[in-house]
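As a plain string of letters, each chain reads:
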Amino acid sequence: MRFSKLRLNGFKSFVDPTDLIIADGLTGVVGPNGCGKSNLLEALRWVMGETRARAMRGGGMEDVIFAGTTSRSARNFAEVSLQIDNSDRLAPSGFNDSDQLEIVRRITRDVGSAYKSNGKDVRARDVQMLFADASTGAHSPALVRQGQISELINAKPKARRRILEEAAGISGLYQRRHEAELK
Ligand code: ATP
Ligand code: MG
């Protein structure tokens, strides 16, 4: 599985539809302070099923919706789409019926979030498990937030262990075991 494109629409400062092409190799994003670099990474985390508003630097999840400026009015929804090249067919069952996957998350004011996979409605949990299995995901150690390195250094042993487990790719198993125990 390889991410190939991220599309933002009404997400934070990206009021107009914006595509970020993720080519082979290294992709760099440069720009002045406040231009939206961190918002791009947050969009990636969000479309993979992030549920913590605080991780999006907001008070509530609807804070990811474009809030308006003096010249443009606020939006009613935000949408992020992630295009994935699945030609290696490594996506888990339920997602593995095509070479191209498009995961879309949309949040509408007073309604909440909805997810689609190649146009079909899916549950938040399905999307979270898709990425948990691929050891990417909203909590992936591959996504390093601003200030996260100092958090890691100051973390208590238990919290640090969680981070190592994410890195080892076994956190999806924990989630499954937890669900099995609830049944
Ligand atoms: P730095 O180099 O300082 O880390 P950055 O490029 O990472 O900056 P971001 O933090 O991604 O910048 O973007 C911050 C900008 O996004 C601010 O101008 C802020 O007003 C804007 N922003 C955040 N949320 C929203 C929203 N809901 N609606 C409109 N604009 C928003
Ligand atoms: Mg930043």
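Residues numbered from 1 in each chain as written. Chains lettered and ligands numbered in written order. Predicted model: local features only at pLDDT ≥ 70, side-chain atom pairs only at ≥ 80, totals over all residues.

## Points about the overall build of the chain
Line of reasoning, step 1. Along its length, the chain carries 5 helices and 6 strands.
Line of reasoning, step 2. Secondary structure elements of the chain, listed N to C terminal, follow the sequence β-β-α-β-β-β-β-α-α-α-α.
Line of reasoning, step 3. Its C-alpha radius of gyration of 17 Å places the chain within 12% of the 16 Å reference for a compact globule of 183 residues.
Line of reasoning, step 4. Of all 183 residues assigned to the chain, the portion counted as buried reaches 25%.
Line of reasoning, step 5. Here the contacts in the chain between residues at least 6 apart in sequence split such that 54% fall between residues at least 24 apart. (Helix = DSSP H or I, 4+ residues; strand = E, 2+ residues; numbered from the N terminus. Rg over C-alpha atoms; globule rule 2.2 N^0.38 Å. Buried ≥ 20, exposed ≤ 12 C-beta atoms within 10 Å, placed from the backbone. Contact = placed C-beta atoms within 7 Å.)

## Things to note about the environment of Gln 175
Line of reasoning, step 1. Considering the arrangement of structural elements, one finds Gln 175 in helix H5 (residues 171-182).
Line of reasoning, step 2. When the 15 C-beta atoms within 10 Å are taken as the criterion, Gln 175 is described as partly exposed.
Line of reasoning, step 3. In this structure the C-alpha to C-alpha distance between Gln 175 and Val 30, which are 145 residues apart in sequence, comes to 36 Å.

## Describing the UniProt feature "binding site: ATP" (unreviewed entry) in the chain
Line of reasoning, step 1. Look at the UniProt record and you will see "binding site: ATP" (unreviewed entry) annotated at Pro 32, Asn 33, Gly 34, Cys 35, Gly 36, Lys 37, Ser 38 and Asn 39.
Line of reasoning, step 2. Within the element layout of this structure, Pro 32 appears in the loop between strand S2 (18-21) and helix H1 (37-47).
Line of reasoning, step 3. Within the secondary structure, Asn 33 is located in the loop between S2 and H1. (UniProt positions renumbered as here; feature names shortened; annotations may be inferred.)

## Points about H5
Line of reasoning, step 1. In this model, H5 (12 residues) spans 17 Å end to end at C-alpha, consistent with the 16 Å of a helix rising 1.5 Å per residue.
Line of reasoning, step 2. For H5, the buried fraction is low: 0 of the 12 residues fall into the buried class. (Expected span 1.5 Å × (residues − 1).)

## Description of the nonpolar core
Line of reasoning, step 1. In terms of nonpolar packing, the biggest core is built from 31 residues, with Ala 43, Val 47, Val 64, Val 80 and Ile 103 touching the most fellow members.
Line of reasoning, step 2. Elements that contribute at least two residues to this core include exactly strand S1 (2-9), H1, strand S3 (77-85), strand S4 (100-108) and helix H2 (124-133).
Line of reasoning, step 3. Ignoring anything within four residues of it in the chain, the contact list for Ala 43 reads Leu 6, Leu 8, Phe 11 and Val 80. (Core = buried A, V, L, I, M, F, W, Y, C linked by C-beta atoms within 7 Å.)

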